[in-house]
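# Inside the fold
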Amino acid sequence: MRRKHLVGVVVVIFLTWNLLMYYMLVSKNPGKIGGVSVKDQLRNLQGDIERQLSHNSELLQQLQKLDEEIRRTTTPRPIRAEDTIIPILLIACDRTTVSRSLDLLIKYNPNKKRFPIIVSQDCGHKPTADVIQRYVGEYGIQHIKHPNTSEIPLPWPQKKFQGYYKLSRHYKWALNQVFHTFNYSAVIIVEDDLDISPDFYEYFSATFPVLHQDSSLWCVSAWNDNGKVGMVSEEADLLYRTDFFPGLGWMMERSMWIEIGPKWPEAFWDDWMRHPDQRKGRACIRPEICRTSTFGKKGVSKGLFYEKHLKFIKLNDKFVPFTKTDLSYLSKEKYDPYFAKLVDNTPEVSVAEAMSGRRSNMKALKILYSTKEEFKSTAKKLGIMDDFKAGVPRVAYKGVVSFMYKGQRIYLTPPPNWTGYDVKWS
């Protein structure tokens, strides 16, 4: 059908060209050509063109009807986890302890073909490169090296952020390799200071189809910023949507990289991801209990948050068979009304009352905040992270932050008339 349509178009172009030639002849040699009136020849050509155009119009209508019929009668085949190869991209630099991350990635990998491991190394650090090379020969991982390890010229105030600039440059190069050179359709990104849980691969396998089918999602993360011991429940299978980009072990699709890759920032790529210009109202999936934890006290952040926060993150140690679970509840159309009803039906208390334990018989409690200062004050009292990125509190969804306090679920919630995040809350 399409071939006929194309042939028809070619015929029309050919006939139109002939018509133009005849018009030129008419203008130069009025009368007859080859014993036949030029006007008669033009009329014949015009008739041929009109008939061909009519035929092409019929073909186009048939194609449109066929396309509508296919759309109406064909149900899209659900994306199965095993249909897509998802590489693990490990970002490395100068930590010889990258072996710790690699050991776990290899130990828990259920399918080397489905989850090939790519280590992208920056810095040109030979001892680290030697460690990685051992895994290339023994386990068949791929070792790629960033070709540009030069210093980035920066003005004096920014020189102390050299590491952040190099990291962003490395990320862009490595992700271009994954999507444009190796042509993968999705990727799971980890860094060289992360441990992973036994069900790390299972988690990403099961959530990939949800990510792929829901355009309101743009990533899946293994991380819960408030996932410290004592602040999460024992529900290892509990998953959420979040407006906050968590990072620290996360998955995205090629289509997302095509969107954000060309405008990738020179530094602080994770905070850049959290800006409304990039997020565009989209959410990520995140777990109750982290599927990654960091052992990297030293790095570009100089140990920021590690001693007082990161080292207390709880890493899941139970295998949850996510691929045998229906995760369609995470789609926006199902999750949003469910989550709104859940929070609305939770009893409201003051922070003092929640901390007193007088309502400990309740499964969950709700505490309202109306200002940035109220949120930060309450967060500090209850022990959760109190900062904002582009106006979004960590782990928040629709402004609601969910966590455990002394064994009780707490929803730190904006008022009912809440209209959205304020980027000035930073």
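The following paragraphs examine the structure supplied in this document. Here the structure is a predicted model, which is why all the values come from computation and not from measurement.

### Describing the pairing of strand β16 (residues 401–405)
By the criterion of burial, β16 is predominantly enclosed, with five of the five residues buried. What you see with β16 is no split at all: V401, F403 and Y405 on one side and S402 and M404 on the other are buried throughout. Note that β16 and strand β17 (residues 408–413) share five bridges and pair antiparallel. Bridging across to β17, F403 finds its partner in I410. Two successive antiparallel strands, β16 and β17, enclose a turn made up of two residues, where K406 displays a positive phi of approximately 50 degrees.

### Some points on helix α12 (residues 372–382)
Among the residues of α12, those classed as buried are K372, F375, T378, A379 and L382. Viewed along the axis of α12, the buried residues span an arc of 140 degrees, placing them on a single side of the element. Among the exposed residues of α12, those oriented more than 90 degrees off its buried face are E373 and K380. Looking at the buried side of α12, the elements it contacts are α11 (351–356), β13 (364–368), β14 (388–389), β15 (392–393), β16 and β17. G383 lies just past α12 and shows a positive phi near 90 degrees.

### Examining unusual backbone geometry
Of note, the phi angle at N183 is positive, near 60 degrees, even though the residue is not glycine. Following the sequence through the fold, N183 ends up in the loop between α5 (162–181) and β6 (186–191). Overall, the relative accessible area of 53% leaves N183 in the exposed class. With a phi close to 50 degrees, F268 is a non-glycine residue in the positive phi region. Overall, F268 belongs to the partly exposed group, its relative accessible area being 30%.

### Remarks on the sheet that holds strand β10 (residues 250–253)
As summarised here, the arrangement of the eight strands in space is β5-β4-β3-β6-β10-β8-β11-β9, forming an open sheet in which the pairing is mixed. Each edge of the sheet is formed by a strand with only one pairing partner; in this case those strands are β5 (142–145) and β9 (239–242). For this sheet, the mean inter-axis angle between neighbouring strands, taken without regard to orientation, is 25 degrees. Strand direction decides the pairing type here: strand β4 (residues 117–121) and β5, joined by four bridges, are parallel. Looking at the pairing, S120 lines up with I144 of β5. Each of β3 (88–92), β4 and β6 touches helix α3 (residues 98–107); the most contacted strand, β3, lies at about 170 degrees to it.

### Examining the sheet that holds β13
Overall, mixed pairing links the three strands, which are arranged β13-β17-β16 in an open sheet. Whereas interior strands pair on both sides, the edge strands pair on one side only; in this sheet they are β13 and β16. The average undirected angle you get between the axes of adjacent strands in this sheet is 30 degrees. For β13 and β17, the ladder comprises five bridges, and the chain directions are parallel. Counterpart to L368 in the pairing with β17 is T413.

### Remarks on the state of the cysteines
Per the stated rule, a full pass over the model turns up two disulfides. For C219, the disulfide goes to C284, at an S-S distance of 2.0 Å. The disulfide joining C219 to C284 has a torsion of about 115 degrees about its S-S bond and is therefore right-handed. Taken together, the residues span a long stretch of sequence, with C219 in strand β8 (residues 217–221) and C284 in strand β11 (residues 283–287) at a distance of 65 residues. Looking at C219, the relative accessible area reads 1%, which means it is buried. Here C284 falls in the buried class, since its relative accessible area comes to 1%. The connectivity of the disulfides in the protein is 1-2, 3-4, where the numbers refer to bonded cysteines in sequence order.

### What about the nonpolar core?
Membership of the largest hydrophobic core comes to 51 residues, with the highest contact counts inside it found for I88, L105, I117 and F200. Top element by residues in this core is helix α6 (residues 200–213). It accounts for eight residues. In this structure F200 touches I88, L105, I188, V190, R291 and T292, once residues within four positions along its chain are discounted. I91, A174, W218 and M273 belong to the second largest nonpolar core, which has 27 residues in total.

Criteria and cut-off values
- Residues numbered from 1 in each chain as written.
- Predicted model: local features only at pLDDT ≥ 70, side-chain atom pairs only at ≥ 80, totals over all residues.
- Heavy atoms only, no water.
- Buried < 20%, exposed > 50% of the residue type's maximum accessible area, 1.4 Å probe, protein only.
- Helix = DSSP H or I, 4+ residues; strand = E, 2+ residues; numbered from the N terminus.
- Pairing = 2+ DSSP bridges.
- Arc of directions from axis to C-beta.
- Contact = heavy atoms within 4.5 Å.
- Axes fitted to C-alpha atoms, helices over the stretch in contact; angles between N-to-C directions.
- Disulfide = S-S within 2.5 Å.
- Core = buried A, V, L, I, M, F, W, Y, C linked by side-chain atoms within 4.5 Å.

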